[in-house]
Amino acid sequence: MLRIYQNTYRRTARKAVVYSTKVACCNHSTLCGITSHPRRAQDSGSSSSNGRHRGHEEFLLAGNPARGWQMPPPSRGYGMLVVRILRGALKLRYIVLGGAIGGGVSLSKKYEEWKDGLPNFKWLEDAMPQGERWSQFSRNLIEVGSLVKNAIEVDPKLKQLGEDKLSEWRNWFDSRLDDAIEAADYQGVQIVETKDDLKAKTTVAALGITSDESRKKYEKLQSQVETLQTEIMNVQIKYQKELEKMEKENRELRQQYLILKTNKKTTAKKIKKSLIDMYSEVLDELSGYDTGYTMADHLPRVVVVGDQSSGKTSVLESIAKARIFPRGSGEMMTRAPVKVTLAEGPYHVAQFRDSDREYDLTKESDLQDLRRDVEFRMKASVRGGKTVSNEVIAMTVKGPGLQRMVLVDLPGIISTMTVDMASDTKDSIHQMTKHYMSNPNAIILCIQDGSVDAERSNVTDLVMQCDPLGRRTIFVLTKVDLAEELADPDRIRKILSGKLFPMKALGYYAVVTGRGRKDDSIDAIRQYEEDFFKNSKLFHRRGVIMPHQVTSRNLSLAVSDRFWKMVRETIEQQADAFKATRFNLETEWKNNFPRLRESGRDELFDKAKGEILDEVVTLSQISAKKWDDALSTKLWEKLSNYVFESIYLPAAQSDSFNTMVDIKLRQWAEQALPAKSVEAGWEALQQEFISLMERSKKAQDHDGIFDQLKSAVVDEAIRRHSWEDKAIDMLRVIQLNTLEDRFVHDKQEWDSAVKFLESSVNAKLVQTEETLAQMFGPGQMRRITHWQYLTQDQQKRRSVKNELDKILKNDTKHLPTLTHDELTTVRKNLQRDNVDVDTDYIRQTWFPVYRKHFLQQALQRAKDCRKAYYLYTQQGAECEISCSDVVLFWRIQQVIKITGNALRQQVINREARRLDKEIKAVLDEFSDDEEKKGYLLTGKRVLLAEELIKVRQIQEKLEEFINSLNQEK
């Protein structure tokens, strides 16, 4: 700083001397011989200002007295004084100005050094989101905070501790922030944030601050900034580590999710079924197989039999370690066979074969649901007023320590029936029990109630009949705790040693199945059982009962061991038997149906379903013209009888034909016509659909096995389908408006109406002639050629007809009814010919005769009106030729045309799709009804294919089970 001041001072002094010299020279230009003219200064050209200064300095040195320069005159002393004063003034100005400039430059440099020492906050832009992203991020954090706050309950102590720490951190941060703001404001520093970086712009608030004060403030501010920077960096490092940790965990979870998602199907395929589950599936397949080959009864299983309320269900529950069956006080609870597959597993759960729900047997709520579902299934299996059912209820129970086996719990054997039982209940239970025990490979678990006299037992006789040698029977004595109090210990010893009953068994066991309390758990029952046998006097009398013969645990071990021994001994034989059966069935199929694949009933039903739905699609492709023709034909078929009988013939009897026609037509359109039209439309739709089905039968690839199913589906869908109700109201409006028009518009419509009248009258005339032929008998030519004769009634009718023809011949415009005088005349004329008839008989004959006469006249009028259109247009109702018949039938024709068009639109737009829905609903119902599918899809081909597929599935499962069984060995 001092050096700057010295250099500035020298430059200022030199300039002041030169300036004073120039002034002196200007005043004494004649003495110095030097001009100060500016042009000459410029002419010096290449010389710089410093050069000119050096020239002036040389001039001054040349004037030095030591070098021979003479002192100026006294007047020049005054000038030198002025020069000195000016020099001092200029010197003071430059000193002050130079000091100010030097201080500012020095302060600027110091600020740049301080700014470089500040931390770089650019990382905040990368770490924190900007703009809308920051707002969205803030909102998400607030939502997450609220969710976490609601989801997590924090300990009040920890919550208070966290709030204290948060308050301490907030106070510390506020103090640091206040200090930083104060320091920045004191120095006049303004920080402006831009998109790219953070730039600091500094202004000096006061130039009069001394260097010492600035240095102290700067050092204080710098220390505060460094402290704040260190703390921010520590916080950043802390949260960066947490962020990296969370990202790492997220990546690991993502990888695990992708692995699970990718290998989901593969993992499911790799899960190996347990041996007992595979064997249970084989039994499930066999339960639905035709027992005509008696293969299902030859596979081993444990059959639990006993008298009613003997405790057999409790024994099964004790083996399964769960109370899974409903309870009843003395009443029959087991109404159907229950197949229970026991397997070892990590969790104690139960599941029905046809359900995906798992019941947690450790929860009382799930146990109640399971017992309720078992009871519901049992009641649902009983149909037709029966008490018991042969339908098997299959379920699986898995749990830690369970012995692997398959048990079948049967209804208890009864001695006497109650009034609420079916008459065949006792025999049905006996037959069912014998059926399961007659299986030579079934293990019979014979349950005997120890609290009742052994002589009252019914089950021992049945067991002895099915297994007289006792090679597959295990005897179980229940309720031993009650038997100890009631019976003699020696008697119990005889029972458990096989010396009391003539029945023989592989082993004899004694168990306790409870204390008679419904709410006791299995653990409590087992503990009570163990305590009883430990303290029982049966053990204290020198081995009345051996230790291995007691407790449910020893029983389950013995039954499981015998079960698997039986399975290993017999499974190969059963597999060989099914191989032979499969070979025989395949040979029979090839001989009878060599070019067909064996398709089961379900596959055939799906194929028939597709063909029926294809026909429904074809229904929507029928042309509009074909629909119009079909609907018009069906409409006239439904309406023609009413038109002739209720409109045309009554109007013809009236004197004012047109007025009567208008009245009749309006009444018809307001009441019966819309409903009849809808009925005709529905019949036309039905007829077209059935015709499509019939045409499909004529195709070359038609399979007649589907005909019965298709007919049943179509009939049921048509029976359910009904036309929309709002269609009747819409048709009523259209038909009323159409019938209001009474004027034929052109010649083409007139000719069409005449033709329609002629065809309609001819059709009615044919029907009338058929009625007359039946009434009067065959004509003379037919009688001769076909050797036919007239009956007595036909002869009377012919006589009456002859008299009636005379009346019509005399009066061609006769009214439709006969007068009393005419009836009397006809009757008297017939009496002359010895034909005695009453007036009713004459009237019955008159009606068809007059109708024929009327129709012939109407047909003649139609022929006369063919060329009378222009006469009709000119004269109208007063036309010489009466053509009111043509106008009537033109109006009928128009209403049929308009109605057919409306019905066609409804069929195409609505009714065909509604019929499609009905057919789909019927197909879905039929697909779930196995009984109906079996009735509708039947025949040797279906039955043989079903049996072959079933045997093939059973054999494959048996082979899979045998392979797994061999691997386990």
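Residues numbered from 1 in each chain as written. Predicted model: local features only at pLDDT ≥ 70, side-chain atom pairs only at ≥ 80, totals over all residues. Heavy atoms only, no water.

Chemist: What is the right way to read the overall build of the protein chain from this model?
Modeler: Helix and strand counts for the protein chain come out as 34 helices and 11 strands. Buried positions account for 37% of the 969 residues belonging to the protein chain. Long-range pairs, those at least 24 residues apart, make up 79% of the contacts in the protein chain with a sequence separation of at least 6. Total accessible area on the protein chain stands at roughly 58400 Å², and carbon and sulfur atoms take up 51% of it. (Helix = DSSP H or I, 4+ residues; strand = E, 2+ residues; numbered from the N terminus. Buried < 20%, exposed > 50% of the residue type's maximum accessible area, 1.4 Å probe, protein only. Contact = heavy atoms within 4.5 Å. Areas by Shrake-Rupley, 256 points an atom, 1.4 Å probe, with all protein chains shown as cover.)

Chemist: Whenever I open this one, unusual backbone geometry confuses me. Can you help?
Modeler: When glycine is set aside, most residues are seen to have a negative phi, and most peptide bonds are trans. In this structure, lysine 479 is a non-glycine residue whose phi angle is positive, near 55°. Take lysine 479: it is sitting in the loop between strand 10 (473-478) and helix 16 (480-486). Residue classification places lysine 479 among the partly exposed residues on the basis of a relative accessible area of 22%. Residue threonine 551 is not a glycine yet carries a positive backbone phi of 75°. Along the chain, threonine 551 falls in the loop between helix 18 (522-535) and helix 19 (552-592). Exposure remark for threonine 551: the relative accessible area of 13% places this residue in the buried category.

Chemist: Which parts of the structure should I look at to understand helix 30 (residues 839-864)?
Modeler: Every α-helix carries 3.6 residues per turn, so stepping three or four residues along brings you back to the same face. Taking 1.5 Å as the rise per residue, helix 30 with 26 residues should run 38 Å; its terminal C-alpha atoms sit 36 Å apart, in good agreement. The largest bend in helix 30 is about 25°, located at tryptophan 846, with the proline proline 848 one to four residues further on. (Expected span 1.5 Å × (residues − 1). Bend = angle between axes of the 7 residues up to and from the residue.)

Chemist: I would appreciate a short explanation of the pairing of strand 11 (residues 507-510) in the present structure.
Modeler: Every other side chain in a regular strand lies on the same face of the sheet, so the side chains alternate between the two faces. Of the two faces of strand 11, the one holding Gly507 and Tyr509 and the one holding Tyr508 and Ala510 are both buried throughout. Across 4 bridges, the pairing between strand 10 and strand 11 is parallel. Pairing of phenylalanine 475 across the sheet is with tyrosine 508, part of strand 11. (Pairing = 2+ DSSP bridges.)

Chemist: How do you make sense of the packing of aromatic side chains when you look at a structure like this?
Modeler: On inspection of all chains with the given rule, the structure shows 20 aromatic pairs. With centroids separated by 5.7 Å and ring planes inclined at 55°, the aromatic side chains of tryptophan 750 and tyrosine 869 adopt a geometry described as tilted. Note that tryptophan 750 is positioned in helix 26 (residues 747-776) and tyrosine 869 in helix 31 (residues 869-875), a separation of 119 residues in sequence. Judged by relative accessible area, which is 6%, tyrosine 869 ranks as buried. Put simply, the rings of Trp636, Phe644, Tyr648, Phe657, Phe756, Trp846, Tyr850, Phe854 and Phe889 pair up and form one aromatic cluster. Arginine 377 extends its terminal NZ or CZ atom over the ring of phenylalanine 352, reaching a point 4.0 Å from the ring centre. The residue whose ring lies beneath arginine 797 is tyrosine 841, and the NZ or CZ to ring-centre distance is 3.9 Å. (Phe/Tyr/Trp six-rings, centres within 6.5 Å; stacked < 30°, edge-to-face > 60°. Lys NZ or Arg CZ within 6 Å of the ring centre and 35° of its normal.)

Chemist: Could you clarify how one ought to interpret the pairing of strand 7 (residues 393-399) in this entry?
Modeler: Burial analysis of strand 7 places 5 of its 7 residues in the buried class, the great majority of the element. Where strand 5 (residues 349-352) and strand 7 come together, 4 bridges link them in antiparallel fashion. What sits directly across from phenylalanine 352, in strand 7, is methionine 395.

Chemist: Quick question: what am I supposed to make of the pattern of salt bridges here?
Modeler: A side chain of one charge can pair with a side chain of the opposite charge when the charged atoms of the two come close. For the structure on display, the rule yields 45 salt bridges. The salt bridge partner of arginine 742 is aspartate 662, with a shortest N-O separation of 3.1 Å. Taken together, the residues arginine 742 in the loop between helix 25 (726-739) and helix 26 and aspartate 662 in helix 22 (residues 657-670) connect sequence positions 80 residues apart. For aspartate 662, a relative accessible area of 23% translates into the label partly exposed. Three or more residues are tied together by salt bridges with common partners; here these are Asp662, Arg666, Glu670, Glu740, Arg742 and Arg891. (Salt bridge = Lys/Arg side-chain N within 4 Å of Asp/Glu carboxyl O.)

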